[in-house]
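# Remarks on the overall topology
So you can see what is in the structure, the chains are spelled out below.
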Amino acid sequence: MQYVNQPVMKKDAMALVTGQPVFMDDVAPADCLIVKLLRSPHANAIIEDIKIDAAMRVPGIEAIYTWKDVPQQRFTLAGQTFPEPSPYDRLILDRHVRFVGDPVAIIAGSTEKAVDRAMKIIKVKYQVLEPVLDFHTAKDNAILVHPEENWKALCPVGADNKRNLCATDFSEEGDLDQVLSECDIVVEGTYHTKANQQAMMETFRTCCYLDTYGRLNILSSTQIIFHVRRIVSNALGIPKSKIRVSKPRIGGGFGAKQSAVCEIYPAFVTWMTKKPSKIIYTREESQIASSPRHEMEVKVRIGAMNSGKIRAIDVYTLSNTGAYGEHGPTTVGLSGHKSISLYRNLEAYRFAYDVVYTNEMSAGAYRGYGATQGLFAVETTVNKLAARLNIDPVKLREQNMVQEGDTMPSYYHETATSCALDRCLARAKEMIGWDEKFPCRDMGNGKVRSVGVAMSMQGSGISGVDVGSATIKLNDDGIYTLMIGAADMGTGCDTTLAQVAAECLDCCLDDITVFSADTDLSPYDSGSYASSTAYITGGAVVKACGKLREKITQKGAEMLGCDASDAEFSGKEVFCNSTGASVSLTDIATRSMVGNHEALQVTEANSSPTSPPPFMVGMVEVEIDKETGALDIIDYVGVVDCGTPLNPNLARVQTEGGIAQGIGMALSEDIQYTQKGQLMNNSLMQYKIPSRLDVGRIRVELESSYESSGPFGAKSIGEVVINTPSPALAHAVANATGLWIDELPITAEKIAMGLLAHED
Amino acid sequence: MMIKLNLNGKSVSADVAEDSLLIDFLREHGCYSVKRGCETSNCGLCTVFLDGKPVLSCSLLTVRADGKTVHTLEGLQKEAEEFGAFIARQGAEQCGFCNPGMIMNAIAMFRENPDPTDEEILEYLAGNLCRCSGYEGQLRGIRAFLDYKKSKGETAICNM
Amino acid sequence: MLTIKKYVKAASLDEAYELNQKRTNRVIGGMLWLKMSSGTVQTAIDLSGLGLDTIEETDEEFSIGAMVPLRDLELHAGLNAYTHGAMRESLRHIVGVQFRNLATVGGSLYGRFGFSDVLTCFLGLDAVVELHHGGMVPIKEFAAQKPDRDILVRIHVKKTPLRCAYLSQRNTKTDFPVLACMVSEWDGTLRVSIGARPQKASLIELPKDLMPENASLEEIASYVQEHTVTGSNMRASAAYRSRLAYVLTKRACQQIGGMDK
C-alpha cells in the first residue's frame, strides 16, 4: 500500500514543532471577557446567600452570575450519544454545591485582575452539610448527594438518586457458584484504583462569540463538537440552531475533553452579554474540578483447576462517580467486559456493579474507560493464580487466553474476528527474555530484578451507537478536501484519515486537505472517543472515497462519451477500456465547475454492529531496592495487535505514550482527600505524572492481525495501550518481594514497609 | 514601569505592571509559542532564553528582563524547523502543546553539550513534561538529529 | 495570584535592608515559591543588581552570593570537587534545568523550607550565612532562626577538609524528597543532616565514638534514626521516613568510607 501502514509525518507536525499559534488561546479574539468561577470550599453545602454588589462595582467587571440567574433544567456534561446514559443531574450553577470546587458564581470582566479582585469580595453564606466521602458507604446512605426532585435518568441504567446510585447492573452466564465449588482452587482479591487525572498539557479552555447571525460560536478544545452543541443547548435552554461549535488544535485530551467541562460558562456569559468571552482553566481547576478516571474497587474471584484451566471469573465493581454522573453508568461496564473476556471457554462468569454518588470531584472519561481498572484487578488475580499453582504466568495465559474465532460471551457474545494476542504474548516474551528473567534475580547489592506480565483488550468504537462520517469533495486541479467531525487531539487522525483517503483515491497525500471539525461544516461524528476514530470514521472515509470514485468515473465516462461500466478511474485519469481514450482528473474537476448537475462530493456515514477489540501484552522488568522500596523500570515491552496500523509511527508513539501514562497511574499518581473533602493533589507539584526519568526504557512492537470489518484491516489503538502497566508492575513487585500491592499507586513506601513488616 | 529588552533580535520598550510575568508579556507581544501548563513551575512548557539561558517564563517578573535579551521559539524558527523535523519524523510531536518548551530546552542543551549521552539528554530535559509521547519518540528524534549533525560534521546548534 | 505594587531593584544592601523593614515588603529571590502565593507585596525588593550572583573561590573558602542560581552551584567544579559531588547530587533532582536557572541559593536557604535539598546539603557543610545586619551566623543557627527582616547576602563555605555524601529518596525523580540525607565528617565529628522529615532539615552531630572507623554502619544509622523526628504528609508516613533515615544514613556513611558490621 502506498499510504496506509506507512510512517508518514503528521500534516500539522511542522506547525506544532515550530510553535505556530494554532491552539485556542492563540486564536481567541483579543477582546474576550475573562471568565472565572468562584468555587465552593465545602464538599456539601447549600448556598444561603450571595452578596455580589461590591464585586460588581470593581472596575472592569461586566457580569456576575449566581444560581438565581441560570436556567433550572438539568443536563449532563457527558459527551455521549443522545439519549445519554449519564443522568441529567447538573445545573450551570446550583444552589446545592456538592464537592469542593463546585462552581458558585461565574465572574466575567475585561481583565484577569478585575475578575480576581471581584472573586475575592463576593460574600457567600453557606449552610454546610455533612458530606459523603467514603464511596463504600455511599449507597443507601442517609445523606443524599442528589436529593432534588428534577434529577432524571434518561436510560434504564439502574440509577436512583434517592439511593445515591448512578447505576447498577448484574449479568452472568453459567452457574458461577456451582463451577467455583468444583474448582481445585479459587483465588480472590480486592483492588483499589484512584481517580487519576488525564493531565493533558493544555488545560480545559473555550472561547465564545456571536457571529453575523447572532449565533453563539463556541471555539473549544474538545473531542466532541456535536455533543457540546447539544449540551450547551440543554444547559442554556436555547435552540441548537443558535449554536456552532468548532475546535482548533487540541493540546491533549485522553478523554478529559469528552466531557464539556468548561464550555457552558463562557457560553452563558457570551449569550447573556453578547460579548466575546473565554475561560482558561488553571491547572488547579483541571486537577480539582474536571473529569478524571472513576475511582473503583474491584473484587475478583477466579476459579481454576490444578492443571491451570480457568473455569470461572466473578467480578464486582464499586465505582465512585463523585458529585455528578458523567460517564458513571458506562465506564463501569468495561471493568468486567474487557477483562473477563480475555479468557476463553469459561463455564461461568458473573459481573455485577454499583456506581455511587459521593461528595468528591465528578469523574469522567479517561483513556481505558473502566477497562484499565478492571484489568488491573483481573490480570493481577490471574498472576496470583499462577503463583498459587506454581505455573509460569505466561504459560497460564497461553492455556487460557482468547483466540481468533472465539465467541466472547462476556463481550456481548461478539466473535474475536481478528486476534493476534497469542503472537503478542510470544513476541513480548522473546523481547524481554522472560524465560531467563522470570521470576527474579538477586543482584547481590540489596537489589532484586524481576519481571511482570499483563494482557489487555479494549474496543473499537461503541457498537451500534457510534457514528463516523466523512465528506470528500473534488476541487480544481484534481485536489480533494476531506471533511470530518472527528477530533485530532494530537493522535494524528487528520493525517491517518487522509492516508486512508489517499489510498482509496490513488492520489498524493498532499492532494488531500483535511478539515476538522465544525458543527456547521463537518458531517456528523459522535466524536473522538471510545477508540472509534480509526475504525468507525476510517470506515466512513473508505465508503465516501469509494462513492466519489464512482462519481468521478461516471463524469469522466460522460466526457469520453463511453459507458460508465466501460470506464475506470486510475487516480490520475478516467479511461475507456474499449477505446483507450482518457480524460485527466484535472479536466474532470474543471468540468465539474461548468454546467454541472452532479456534485463531485460525497458524504457517507459509518457505524458498526461490533466493536472489534485490539489486544496487547505488556511485560516489564524492574529493579527494586529492598531497603528503600525504590522501584526503577529497566525495560518495558509492549506488543500490540491493532489490526493494520494505519500509521506505524503514530501507533508506536500512541503505545509508548499510553504505557508512560499507565506507569504514572501505577507508580506515582495519587489522589488524596482531606477529611473535609478537599483534594490535595491539586497541581503538577502534588500530582506526580512521570518525567522522562521515571519511565525507563519503553520498547514497542506491532503484531498485526487483519480486522476485515475495519478500514484496510484496522482496529483501534488509542486506549488499549494504557492498561498493562498497573498489573504488570504489581506482578513484578510480587515476583521481587512476595508482596501483592492491590491499591494503586504502588509506592516505594508500600514496598519497603511491606517488606519490613514481613521481616518482623 | 518602563522596561527595554531585546526580544528575538528586536528592541522592545514597554510599560509593564510590576507583577506582570514574562510569559504573559511575551504572549501579549505575539510570542504564542510560549505556553502555560501549570502554575507551579513544574511543566517546562513556558521555557524561553534569558540572556541565552533556559528559564521558566511563568516564574519570572517581566521587569527582571529589563536590559536583557529574551529568545522564544519565534526567534529561533530555523533551529526549530531543522531540529523539529526530526521529532516530527517520529510522530513524537503528538498534541504539540509541550513542543515549543521542549524544543527550546533541547536547543539550550545542544549549546551546552553538543554531544550528550542518553542519560544526559534525559536529565537535561527532565523539567519538560509531556503527557502524550511517553518520551521515547522524543529521544529517538534527538538521537537522529545528533547523528545527522555528526554525519555532516557539524555541531548540533551553535548560532544564537 | 500574587500582586506586587512596586518593584525596586536595590542599589545597595542598605537600601534593600531599609525597604525590607516594612512588613508588607519582600525580598525576591528566584520567585519560584513566592509566585505561588496569593498575597500582596507592597514593594518587591530585587537584589539582582548587587553583584550577588557569583561564586568566589579562595584558598580558604567559597563565597556564594545570595542570588547565585542553583544551576550554577550544581555545575561549579570547585564546589563539587570539595563536596565529592554532594553539591550536584543535592540539586540535580530539583524539577529541571530551567527551574534551577532561576531558583537562587539565597531564596532556598532564607525560606528554611521543610522540603529543601539545599538547606539539607549546606547544613552538612562548614558554612556560615552572612546577613547584612546580623553578620556572620553559622548555618545551623541560621536554620533554627525564624525568618526575620534581615537580608541574606552570601553563604561562606569554609574549605575545611571533609568527607561527605548526599542521598535522597523521592516518589518521582524530580519530586521533592521524601527524605534527604547529608552525611559529612570533619574535625573528627560525624554530622548527619536529615531534610524533608518533612519538617525542615535538622543536623545531628554524632558522639565521637560513632565514627565510620570505629562504629558499624548499623550503629551509626540506628543512632541517627533514633535522634530524627519524622512526620507524615501526603508524600509518606513518619514510619517510612524513619526507616529511610536509617537506610540513607547507612549508605551515605558507607560512601564516605564506613564499614559493615
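Parameters at a glance
- Residues numbered from 1 in each chain as written.
- Chains lettered and ligands numbered in written order.
- Predicted model: local features only at pLDDT ≥ 70, side-chain atom pairs only at ≥ 80, totals over all residues.
- Heavy atoms only, no water.
- Pairing = 2+ DSSP bridges.
- Helix = DSSP H or I, 4+ residues; strand = E, 2+ residues; numbered from the N terminus.
- Axes fitted to C-alpha atoms, helices over the stretch in contact; angles between N-to-C directions.
- Phe/Tyr/Trp six-rings, centres within 6.5 Å; stacked < 30°, edge-to-face > 60°.
- Buried < 20%, exposed > 50% of the residue type's maximum accessible area, 1.4 Å probe, protein only.
- Lys NZ or Arg CZ within 6 Å of the ring centre and 35° of its normal.
- Contact = heavy atoms within 4.5 Å.
- Buried area = accessible area lost by both parts, 1.4 Å probe.
- Salt bridge = Lys/Arg side-chain N within 4 Å of Asp/Glu carboxyl O.
- Polar contact = N/O pair within 3.5 Å; in protein donor to acceptor, adjacent residues only side chain to side chain.
- Nonpolar A, V, L, I, M, F, W, Y, C, P; charged D, E, K, R; others polar.
- Parallel < 35°, antiparallel > 145°, perpendicular 65-115°, else oblique.

### Looking at the sheet that holds strand 23 (residues 567-569) of chain A
All names here are of chain A. Here we have 3 strands laid out as an open sheet, ordered 23-24-25, and antiparallel in their pairing. Pairing within the sheet leaves two strands with one partner each, and these edge strands are strand 23 and strand 25 (582-584). Averaged over all neighbouring strand pairs, the angle between strand axes comes to 15°, with direction disregarded. For strand 23 and strand 24 (residues 573-576), the ladder comprises 3 bridges, and the chain directions are antiparallel. Within strand 24, the residue paired with F569 across the bridge is V574.

### Section: the packing of aromatic side chains
All names here are of chain C. The tally for this structure, following the rule as stated, stands at 21 aromatic pairs over all chains. Seen from their ring centres, F62 and Y82 are 5.7 Å apart, and the 50° between their planes marks the pair as tilted. With F62 in strand 5 (residues 61-65) and Y82 in helix 3 (residues 77-82), this pair connects stretches of sequence that are 20 residues apart. You'll find F62 and Y82 in the same group, each marked buried. A cation over an aromatic ring shows up here: R112 above the ring of Y110, its NZ or CZ 5.5 Å from the ring centre. Its guanidinium or amino end placed over the ring of W186, R191 lies 3.6 Å from that ring's centre, counting from NZ or CZ.

### With respect to the interface of chain A and chain C
Each partner contributes residues to the interface: chain A has 23 residues there, and chain C has 23 residues. On the chain A side of the interface with chain C, the three residues burying the most area are E627, M685 and E749 of chain A, jointly 27% of the side's total. Counting every contact that joins chain A to chain C gives 5 salt bridges. R251 of chain C serves as the salt-bridge partner of E627 of chain A, at 3.0 Å between the closest nitrogen and oxygen. In this structure, the connection of chain A to chain C is made through 10 residue pairs in polar contact (both at pLDDT 80 or more). Those elements that place two or more of their residues in the side of chain A that touches chain C are helix 4 (112-121) and helix 19 (748-759) of chain A. Take the side of chain A that touches chain C: its biggest share by element is 5 residues, from helix 19 of chain A. By residue class, the composition of the side of chain A that touches chain C is 8 nonpolar, 6 polar and 9 charged.

### Some remarks on the pattern of salt bridges
All chains considered together, the criterion is met by 87 salt bridges over all chains. Across the pair R249 of chain A and D488 of chain A runs a salt bridge whose closest N-O atoms are separated by 3.8 Å. Of this pair, R249 of chain A sits in the loop between strand 11 (243-246) and helix 7 (264-273) while D488 of chain A sits in the loop between strand 21 (480-484) and helix 14 (493-505); the two residues are 239 residues apart in sequence, bridging distant segments of the chain. For the pair R249 of chain A and D488 of chain A, one class covers both residues: buried. Where salt bridges share partners, they join E112 and E123 of chain B together with R71, E74, R88, E89, R92 and R100 of chain C into one cluster.

### With respect to the packing of helix 19 of chain A against helix 10 (residues 238-255) of chain C
The contact between helix 19 of chain A and helix 10 of chain C brings their axes to 10 Å, and the two run at 80°. In terms of their interaxial angle, helix 19 of chain A and helix 10 of chain C are classed as roughly perpendicular. Across from A748, E749, A752, M753 and L756 of chain A in helix 19 of chain A, the residues of helix 10 of chain C making contact are A239, Y240 and R243 of chain C. Counted by class, the contact of helix 19 of chain A with helix 10 of chain C contains 6 nonpolar, no polar and 2 charged residues.

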